[in-house]
Amino acid sequence: MTFVTKLDFASGDRDVLVETVQELKETIERKGAECKGPHASPSERVTVPLYKNLSAGDEFSPWRYDVYRRSMEIHGADDIARAVVGRDFPDSIHVEVEVDQKKPLGHRRD
């Protein structure tokens, strides 16, 4: 069985996100693992209301910012994937990890 580790990154700081993901890809490939991505998704515009009091009513202008997303996959190389997932990422980057188990084609389970 082969494992595919899917990594999803989100950040409001596009420069840090791009730099971190590119560095990560280079590290993965240098260690000999197969890496697909990074794939960019359209940015998402987020609006956060700001209230003058604890109760709804008077508001300041809302706070608006963009969230940038990248995704990548590591195929096989479980030890490398584990090392990547366990590393410290900048505080401005949110990371989600999903691990899928893939069966080789042509194998049948009885």
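Residues numbered from 1 in each chain as written. Predicted model: local features only at pLDDT ≥ 70, side-chain atom pairs only at ≥ 80, totals over all residues. Heavy atoms only, no water.

Bringing the overall build of the protein chain into the picture now. Check the secondary structure of the protein chain and you find two helices and four strands. Referenced to the eigenvectors of the C-alpha coordinate spread, the extents of the protein chain come out at roughly 65 × 35 × 25 Å. Counting every position in the protein chain, which comprises 110 residues, the buried fraction comes to 27%. Looking at the protein chain as shown, the accessible area adds up to about 7900 Å², and 46% of this sits on carbon and sulfur atoms. Of the charged side chains in the protein chain, 17 are positive and 21 negative, and the gap between their average positions amounts to 5 Å. (Helix = DSSP H or I, 4+ residues; strand = E, 2+ residues; numbered from the N terminus. Buried < 20%, exposed > 50% of the residue type's maximum accessible area, 1.4 Å probe, protein only. Areas by Shrake-Rupley, 256 points an atom, 1.4 Å probe, with all protein chains shown as cover. Lys, Arg positive; Asp, Glu negative; His and termini not counted. Charge placed at Lys NZ, Arg CZ, Asp CG, Glu CD.)

To continue, consider the UniProt feature "domain: Small ribosomal subunit protein uS10" (unreviewed entry) in the protein chain. The residues that UniProt annotates with the feature "domain: Small ribosomal subunit protein uS10" (unreviewed entry) are residues 6-98. In this annotation, residues 6-98 is assigned 27% helix and 51% strand; the end-to-end C-alpha distance for the span is 5 Å. (UniProt positions renumbered as here; feature names shortened; annotations may be inferred.)

One pass over the full model with this rule turns up six salt bridges. Notably, a salt bridge pairs Lys25 with Glu29, separated by 3.0 Å at the nearest N-O pair. With Lys25 and Glu29 both in helix H1 (residues 14-30), this residue pair falls four residues apart, about one helical turn. Residue class for Glu29 comes out partly exposed when judged on its relative accessible area of 41%. We note a salt bridge from Lys36 to Glu34, for which the minimum N-O separation is 3.9 Å. (Salt bridge = Lys/Arg side-chain N within 4 Å of Asp/Glu carboxyl O.)

Another aspect to go through is the pairing of strand E1 (residues 2-11). Residues in a regular strand point their side chains to alternate faces of the sheet. Of the pairings in the sheet, the one linking E1 to strand E4 (residues 93-102) comprises ten bridges and is antiparallel in character. Paired with Thr5 across the bridge in E4 is Val99. With eight bridges connecting them, E1 and strand E3 (residues 59-75) associate as antiparallel partners. When the bridges of E3 are listed, Ser11 appears paired with Tyr68. (Pairing = 2+ DSSP bridges.)

As a further point, take the sheet that holds E4. The four strands are arranged E2-E3-E1-E4 in an open sheet whose pairing can be described as antiparallel. Each of the sheet's edge strands pairs with one partner strand only, and the pair in question is strand E2 (34-51) and E4. For this sheet the average axis-to-axis angle between neighbouring strands, irrespective of direction, equals 20°. Of the strands in this sheet, E1, E2, E3 and E4 are in contact with H1, which crosses E3 at around 10°. Those strands touched by helix H2 (residues 78-85) are E1, E3 and E4, and its axis lies near 20° from that of E1. (Axes fitted to C-alpha atoms, helices over the stretch in contact; angles between N-to-C directions. Contact = heavy atoms within 4.5 Å.)

Summarising the element assignment, Ala33 is placed in the loop between H1 and E2. Here the alpha-carbon distance between Ala33 and Gly76, two residues 43 residues apart in the chain, equals 7.2 Å. Excluding residues that lie within four positions of it along the chain, Ala33 makes contacts with Ile28, Ile74, Ala77 and Ile80.

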